[in-house]
Amino acid sequence: MKYIDGGICAPKGFKASGIHCGIRKNRTKRDLALILSEKMCSAAAVYTTNKVKGAPLTVTKNNISDGHAIAAICNSGNANTCMADGVEKAELMCNALGKQLNIAPTDIVVASTGVIGQPLNTDAICAGIPALCDGLSADGCDNAAEAIMTTDTIKKAIAVEFELNGKPVRIGAIAKGSGMINPNMATMLCFVTTDVAISPAMLSNALTYVTARSFNMVSIDGDTSTNDMLSILANGMAGNEEITGEGADYDAFVQALLAICVKMAKLIARDGEGATKLIIADVTGACCHDAAATIASSIISSSLLKAAMFGADANWGRVLCAAGYSGAQFDPTKVDVTFVSSAGSVDVCKNGGGIEFDEDIAKKVLSEEEITIKFMLSEGDGCAQAFGCDLTYDYVKINGDYRT
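Cut-offs and rules
Residues numbered from 1 in each chain as written. Predicted model: local features only at pLDDT ≥ 70, side-chain atom pairs only at ≥ 80, totals over all residues. Heavy atoms only, no water. Helix = DSSP H or I, 4+ residues; strand = E, 2+ residues; numbered from the N terminus. Rg over C-alpha atoms; globule rule 2.2 N^0.38 Å. Buried < 20%, exposed > 50% of the residue type's maximum accessible area, 1.4 Å probe, protein only. Contact = heavy atoms within 4.5 Å. Areas by Shrake-Rupley, 256 points an atom, 1.4 Å probe, with all protein chains shown as cover. Lys, Arg positive; Asp, Glu negative; His and termini not counted. Charge placed at Lys NZ, Arg CZ, Asp CG, Glu CD. Pairing = 2+ DSSP bridges. Axes fitted to C-alpha atoms, helices over the stretch in contact; angles between N-to-C directions. Salt bridge = Lys/Arg side-chain N within 4 Å of Asp/Glu carboxyl O. Core = buried A, V, L, I, M, F, W, Y, C linked by side-chain atoms within 4.5 Å. Patch = residues over 30% accessible without salt bridge, like charges linked within 9 Å, V, L, I, M, F, W, Y side chains within 5 Å.

(A) Layout of the overall build of the protein chain. A count of helices and strands for the protein chain gives 11 helices and 16 strands. Rg of the C-alpha trace for the protein chain: 21 Å, near the compact-globule value of 22 Å for 404 residues, within the 12% margin. Projected onto the principal axes, the alpha-carbon positions of the protein chain cover approximately 70 × 55 × 35 Å. In the protein chain, which comprises 404 residues, the proportion classed as buried is 57%. The long-range fraction of contacts in the protein chain, counting pairs at least 24 apart against all pairs at least 6 apart in sequence, stands at 80%. For the protein chain, the computed accessible surface area is about 16,200 Å², with 48% contributed by carbon and sulfur atoms. Averaging the coordinates of the 33 positive side-chain charges in the protein chain and doing the same for the 45 negative ones gives two points 5 Å apart.

Set out below in structure tokens:
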């Protein structure tokens, strides 16, 4: 497997577009994105577990209930959430796009992100759809990635290429995510495309498995958004034998999808609102995977731990504290903790107790832009990683005037 350029347009048969249609006041910022496949796709998605859900999620779930879709549209700048006519507006977007492209409106994934609870200007969206469609291009990933951004500081696009039975196949993705992110489903918006031939059922199984080990392991601030969705379109244009069950081809697809989603999860965590550091909680030796995942998520979600990482303070007690209230079963007298970065590593805890370490070395290790917290047990083969960031002054500044 190798990483390649092109993002969502890297797989065969996909084009993308992104324009400014007028939702955002700043005309230099794109706010409407489109992804289109040449052929009908197997489709799957996972959604936020927040009881307050954006209307597009409801419409998308209905649209892909047959396991198929051919396009995805998303606006940014204003979320279609907490509006009495939200479903009507999401369906209106699908109808307008379907009419323009001569496709069924029920074959469309629809999404929306931005400020919650304010009226969405669907007139601007519908008026912009002709230009959006005219802009479709095999080089359109960059524009689409920009058009789904909110408080993101970087565009997020990834693609990989690998082989199935000797045939080259590709997976691409774009995502947005910077705040209102906590482990509990997808925790952002992410659109994945692939030219792999795979049945809707196996595509859904793969997405569920991968989500639990990637996007569900991200925490920025402890808030699970109302608009979170991870969707995938697979058009089969690579020409591989269709994956309809488990086996070597399915395993290879899952591993490639997992790699791309973990890499994207790290990009989202590093781009957390106001963040200066990517923090990875790496738990090994737990009694099972679920216990390791629970501990890792709890560590990465601790506000006190995140604040300590911002200050480059080797306060390892906060690591054990967060693991202790996670609810996972483990023996706290058999825990070792090590902080690791490109500047080196420092052991800070052995068998659940403090050990002497050089504070200056620890400060140097924790001053890097990527830090791994190794939480090591000896109770089994369970392992998991969670991805987060430090908690800074700028996080409060960004969210203190988010609407304005």
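Having seen the model, we can carry on.
(B) Seen up close, the sheet that holds strand β11 (residues 278-286). The mixed open sheet is built from seven strands, whose spatial order is β9-β16-β11-β15-β12-β13-β14. The sheet is open, and its two edges are formed by β9 (218-219) and β14 (353-354), each paired on a single side. Strand direction decides the pairing type here: strand β12 (residues 336-341) and strand β13 (residues 344-350), joined by five bridges, are antiparallel. The partner of Val340 across the bridge, within β13, is Ser345. Packing of helix α7 (residues 289-301) onto the sheet brings it into contact with β9, β11, β15 (370-376) and β16 (382-389), and relative to β16 it is tilted by some 20 degrees. Against the sheet, helix α9 (residues 317-324) contacts β12, β13 and β15, and its axis sits at roughly 60 degrees relative to β15.

(C) Highlighting the pattern of salt bridges. With the rule as written, the count across this model stands at 10 salt bridges. Taking the shortest distance from any N to any O, the salt bridge between Arg170 and Glu161 comes out at 2.7 Å. Its relative accessible area of 28% is what places Arg170 among the partly exposed residues. On the basis of relative accessibility, which here comes to 17%, the residue Glu161 falls in the buried class. Here the salt bridges share partners, and the residues they tie into one network are Arg30, Asp142, Glu146 and Lys155.

(D) Region of interest: the nonpolar core. One finds Phe253, Leu257, Phe339 and Phe375 to be the most contacted residues of the largest nonpolar core, which totals 82 residues. A per-element tally of this core places helix α6 (residues 248-270) first, with 13 residues. Once residues within four sequence positions are removed from consideration, Phe253 is found in contact with Phe162, Ile171, Thr194, Val196, Ile198, Leu203, Ala206, Ile232 and Ile243. Formed by 27 residues, the second largest nonpolar core is a distinct cluster that contains Tyr47, Ala72, Ala111 and Ile148.

(E) Structural view of the pairing of β13. Hairpin connection, β12 to β13: the antiparallel pair is bridged by two residues. Bridge analysis of β13 against β14 gives two bridges, and the strand direction is antiparallel. Each residue of the ladder has a partner; that of Lys350, found in β14, is Gly353. Here β13 folds back onto β14, and the loop between the two strands holds two residues, one of which, Asn351, carries a positive phi near 50 degrees.

(F) Up close: a negative patch on the surface. The grouping of Asp313, Asp358, Glu359 and Asp360 at the surface amounts to a negative patch. Position of Glu359 among the secondary structure elements: in helix α10 (residues 359-365). Take Glu359: its relative accessible area is 49%, and that puts it in the partly exposed class.

(G) Structural detail: the pairing of strand β8 (residues 189-194). With six of six residues buried, β8 lies mostly within the body of the structure. Pairing of strand β7 (residues 167-176) with β8 involves six bridges; the strand directions are antiparallel. When the sheet's bridge partners are listed, Ile171 is paired in β8 with Thr194. When β8 meets strand β10 (residues 229-234), the two strands line up parallel, connected through six bridges. Bridge pairing links Thr193 to Leu233 in β10.

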